[in-house]
Amino acid sequence: MLISFKRKEAISLILYATLSSILGLTLLYYINTSVIINMDISYENLFSFIVILVYTFIFHKIFQEKIITISNNFILEKEMHIIEVIGNSNLKDLEKINEGRLYGIVEDIRGLVFIPYLVSNGLTSAILFLGGVIYLFHLSASSSLVFILFIAVFVGLYQLLNRINLKLTEESRINNEKYFQYLRDLIGGFKEILLSQKKKKKLVDQKLFENREHGKNLEIRVSNVFLIGNLLGSYGLWLLLGLISFLFPILGLMSSEKIVPYIIALLFISGSITALISLQNYAVKQYVSLKRIKSFTEELSALSSDPSQLTQTHLTTDFKNIQLKDLSFKYPTSEFGIKPINLTINKGETIFIIGGNGSGKSTFLKVFMNLYRASKGKIVLDGKPVLFEDNQYRELFSAIFTNNHLFSEHYEDYDVKTNKEYNVLLKKVKLDSIIEENEDVSNRSFSKGQSKRLSMIYALLEQRSILVLDEWAADQDPHFRKYFYEELIPELKSQGKTIIAVTHDDVYFKYADRVIKFEYGKIVKDVYTKDKPTLVDLNIW
Ligand SMILES: Nc1ncnc2c1ncn2[C@@H]1O[C@H](COP(=O)(O)OP(=O)(O)OP(=O)(O)O)[C@@H](O)[C@H]1O
């Protein structure tokens, strides 16, 4: 079963639902027996009726509150589980997960808010229905057998309708995932779309319109199927009432004095029958959501590392050297790979990594920082081999990737507003004229260059030993780029920072201690710049 309530909670829920339903049925029994059958109309009976009513109200309230708490805990558990599984994923595997699908699942989880309503009304209606049927049998067994036969035919019909709806609802969810993907393209690629009427027409007028049109049609079909179910349910009930009132006495299935209490009881449980029918709509949707969440988490769990396997993180603040021994990597989905690398990187070195597009610079950095698991070879930190599961090694690095992500918050221990160093760094990366002291930058948008400078501030505030920059300077203007190479890098170097930067700015190569060149995933040159003031001396190309 998809919902796994704890046993104790399930028992207490059934108990509460049973009690509150029994009290509801007692009300019916009381009115039927005292007013209709015994004609006993008195203040005492009114008083007893009100007492039962108050108890019913209190029990129902307690029951509903319990359901609300349990269901919301269940939703929270599902949300946290998905977040935890994502947090434990490997980079390479997480990159395979489509963002649209993720947002679709988030929507599925949100949709679970109907669970309290579904469980509480479902349980109460089911118990009321069962109790009502027992009472009907008590009034007339033969008529109740016909009634049960009627219900059995309806349940069969509903199963059929539900199967159709399950399919339609699943299709609707997949269609919604596509919708999120298109929306992401529309917002993320807005500039490109503004430049191309063809793109805009295709995405907005065609894809998005078709998607929404299809979504609307699916919703209409789902609603129509439910409508058929609802109409069959309510008119079937009227048919049954007609048969009991007019046909059963003629056929001798029921004595005339039983007809009125029987019809009142039937009308009473018709409420729970109608509720059970309309709850099917929600039940199908919740079922589809739970099924999708389950398969998504199972898929992600299979990709995730077991957190218990990860070594305890405590900040590694320093190192002497990192050796890469025959380190290689291969993408499973492409021919490209990093050829075995043998390299020693010493603390304090400034290393520039160069190479043509697609030569493997970024891939190398990810393997080097242990974000991708190396296919072969090993990383050795100060003489000790580093495992992929070793979180501690990763703590050595601050990195700004080519497609840097500017976090809405920095998630570190310091408070930016009261941090003196933050304000110094704002000046240092020349953002002080753009960002005011103490300004909340979470809702602002920045140019690529500015956002990378802000990322640099956050990276430096982390105070890690190694700063990794993937084409960081490429998005900066010439003045700032000059300042970056000629002043910022030497200053960071003088502070003992190890800098590894992917760059194409050959005029500034002299500011590195060492230039490493990649070609087709292989290191083809590894040159120290000392005493080589010009590019010709460096002979790197
Ligand atoms: N996730 C991936 N799956 C499969 N192949 C990939 C993946 N990421 C990159 N590649 C391939 O690996 C090769 C090297 O890419 P990489 O980004 O490492 O090169 P790069 O030198 O950093 O290039 P650039 O200067 O253009 O950023 C390319 O052929 C690229 O298509």
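From a predicted model like this one, the values you see are computed outputs, not experimental measurements.

Asks: Looking at this structure, how should I read the UniProt feature "transmembrane region" (unreviewed entry) in the protein chain?
Replies: UniProt marks residues 12-31, 46-63, 111-137, 143-161, 225-253 and 259-284 with the feature "transmembrane region" (unreviewed entry), using the numbering shown here. Structurally, residues 12-31 is divided into 100% helix and 0% strand, and its ends, taken at the C-alpha atoms, are 29 Å apart. End-to-end, the C-alpha atoms of residues 143-161 are 27 Å apart, and along that stretch the chain is 100% helix and 0% strand.

Asks: What's the story with helix α12 (residues 420-428) in this structure? I'm lost.
Replies: For an α-helix, 3.6 residues make a turn, and residues three or four places apart therefore share a direction. Listed as buried for α12 are Y422, N423, L425 and L426. Down the axis of α12, the sector holding all buried residues measures 160°, keeping them to one side. For α12, the secondary structure elements touched by its buried residues are α13 (448-461). Phi turns positive one or two residues past the end of α12, at K430, with a value near 60°.

Asks: Looking at this model, I keep getting lost on the sheet that holds strand β6 (residues 397-400). Mind explaining?
Replies: Each strand in a sheet pairs with another by means of backbone hydrogen bonds, the pair being arranged parallel or else antiparallel. Pairing is mixed across the open sheet formed by six strands, whose spatial order is β6-β7-β8-β3-β9-β10. In this open sheet, the two strands that pair with only one neighbour each are β6 and β10 (522-528). Ignoring which end each strand starts from, the neighbouring axes of this sheet average 15° apart.

Asks: Quick question: what am I supposed to make of the environment of L324 here?
Replies: Summarising the element assignment, L324 is placed in strand β1 (residues 321-330). Note on L324: relative accessible area 2%, which makes it buried. Considering only alpha carbons, one finds L324 and N342, 18 residues apart in sequence, at a separation of 5.2 Å. Once residues within four sequence positions are removed from consideration, L324 is found in contact with I341, N342, L343, F364, F368, K378 and I379.

Asks: Help me understand the site of the ligand in this model?
Replies: Surrounding the ligand, one finds 14 residues, the nearest of these being G358, G360, K361, S362 and T363. Interatomic distance of 2.8 Å between a side-chain N/O atom of K361 and an oxygen atom of the ligand. Starting from 640 Å² of accessible surface for the ligand in isolation, the protein chains cover 65%. Residue composition of the shell around the ligand, grouped by class: two nonpolar, nine polar and three charged.

Asks: What am I meant to see in the nonpolar core here?
Replies: Where a protein is soluble and globular, its nonpolar side chains tend to be buried together. Among the nonpolar cores identified, the biggest contains 39 residues, and Y422, L454, M456, I457 and F484 are the most heavily contacted of them. Those elements that provide at least two residues to this core are β3 (350-355), α12, α13, β7 (466-470), α14 (478-494) and β8 (498-502). With residues up to four places along the chain from it excluded, the contact list for F484 reads M456, L469, W472, A473, I489 and P490. Membership of the second largest hydrophobic core comes to 30 residues, among which are I351, Y372, Y393 and I516.

Asks: Could you clarify how one ought to interpret the packing of helix α2 (residues 43-87) against helix α4 (residues 99-111) in this entry?
Replies: Two numbers describe a pair of packed helices, the interaxial angle and the distance between the axes. For the pair α2 and α4, the least separation of the axes is 10 Å and the interaxial angle reads 160°. Judged by the inter-axis angle, α2 sits roughly antiparallel to α4. Like other packed secondary-structure pairs, α2 and α4 cross with a definite hand, here left-handed. Of the residues in α4, those in contact with I75, K78, E79, I82 and I86 of α2 are L102, I105 and I109. For the contact of α2 with α4, the per-class residue count stands at six nonpolar, no polar and two charged.

Asks: What's the story with the packing of aromatic side chains in this structure? I'm lost.
Replies: For any two aromatic rings, the description comes down to two numbers: the centre-to-centre distance and the angle of the planes. By the definition in use, this model includes 18 aromatic pairs. Relative to F368, the ring of F364 has its centre 5.8 Å away and its plane inclined at 10°; by these criteria the two rings are stacked. Linking F364 with F368, this pair stays in helix α10 (residues 361-368), spanning four residues, or about one helical turn. F364 gets classed as buried once you look at its relative accessible area, which sits at 3%.

Asks: Sorry if this is basic, but what is going on with the pairing of strand β9 (residues 514-519) here?
Replies: Regular strands have side chains that alternate between both faces of the sheet. In terms of burial, β9 is largely enclosed, as five of its six residues are buried. Sheet topology places β3 next to β9; five bridges connect them, and they run parallel. Considered in β9, the bridge of I353 is made with I516. When β9 meets β10, the two strands line up antiparallel, connected through six bridges. Within the sheet, the bridge partner assigned to E519 lies in β10 and is K522. In textbook terms, the turn of a hairpin is the stretch between consecutive antiparallel strands, and for β9 and β10 this stretch comprises two residues, one of which, Y520, has a positive phi near 50°.

Asks: When you look at the sheet that holds strand β2 (residues 337-346) in this model, what are you seeing that I'm missing?
Replies: Pairing is antiparallel across the open sheet formed by four strands, whose spatial order is β2-β1-β4-β5. Taken across any chain shown, the strands that pair with only one partner, and hence form the sheet edges, are β2 and β5 (384-386). Ignoring strand direction, the axes of neighbouring strands in this sheet form an average angle of 25°. Two elements, β1 and β2, share seven bridges in a ladder whose sense is antiparallel. Bridging from a neighbouring strand, F329 pairs with I338 of β2. α10 contacts β1, β2 and β4 (376-381) of the sheet and is inclined by roughly 120° relative to β1.

Reading the values: rules and limits
- Throughout this document, residue positions are counted from 1 along each chain, in the order its sequence is written.
- Whole-chain, interface and lining totals are the exception, using all residues; otherwise, since this is a predicted model, local features are given only for residues with pLDDT of at least 70 and side-chain atom pairs are given and counted only at 80 or more.
- Side-chain numbers come from the whole structure's heavy atoms, not from hydrogens or water.
- UniProt positions are given in the numbering used here, feature names are shortened, and annotations may be inferred rather than shown by experiment.
- Put simply, DSSP marks the helices as runs of H or I at least four residues long and the strands as runs of E at least two long, and each gets a number from the N terminus on.
- Relative accessibility thresholds used throughout: buried, under 20% of the residue-type maximum; exposed, over 50%; partly exposed, between the two (1.4 Å probe, protein chains only).
- By definition, the arc is the one covered by directions from the helix axis to the C-beta atoms.
- Contact criterion: two residues are considered in contact whenever any of their non-hydrogen atoms come within 4.5 Å of each other.
- Any two strands with at least two DSSP bridges between them are considered paired.
- Angles shown run from 0 to 180 degrees and are taken between the N-to-C directions of axes, each axis being a line fitted to C-alpha atoms and, for helices, limited to the stretch in contact.
- When we say a residue is near a molecule or strand, we mean one of its heavy atoms is within 4 Å of it.
- Two N or O atoms form a polar contact when they lie within 3.5 Å of each other; inside protein one atom must be a possible hydrogen donor and the other a possible acceptor, and for residues adjacent in sequence the pair counts only when both atoms belong to side chains.
- Methods summary: accessible areas were calculated by the Shrake-Rupley approach with a probe of 1.4 Å, and residue burial reflects only the protein chains presented.
- Note on residue classes: Ala, Val, Leu, Ile, Met, Phe, Trp, Tyr, Cys and Pro are nonpolar, Asp, Glu, Lys and Arg are charged, and everything else, Gly too, is polar.
- Residues grouped as a nonpolar core are buried Ala, Val, Leu, Ile, Met, Phe, Trp, Tyr and Cys residues, joined through side-chain atoms within 4.5 Å.
- An angle below 35 degrees is read as roughly parallel, one above 145 as roughly antiparallel, one from 65 to 115 as roughly perpendicular, and any other as oblique.
- By convention, the crossing between two helices is left-handed when the near helix turns anticlockwise from the far helix through less than a right angle, and right-handed when the turn is clockwise.
- Only the six-membered ring of Trp is used, alongside the rings of Phe and Tyr, when aromatic pairs are assigned; centres must lie within 6.5 Å, and planes under 30 degrees apart are stacked while those over 60 apart are edge-to-face, with the rest tilted.

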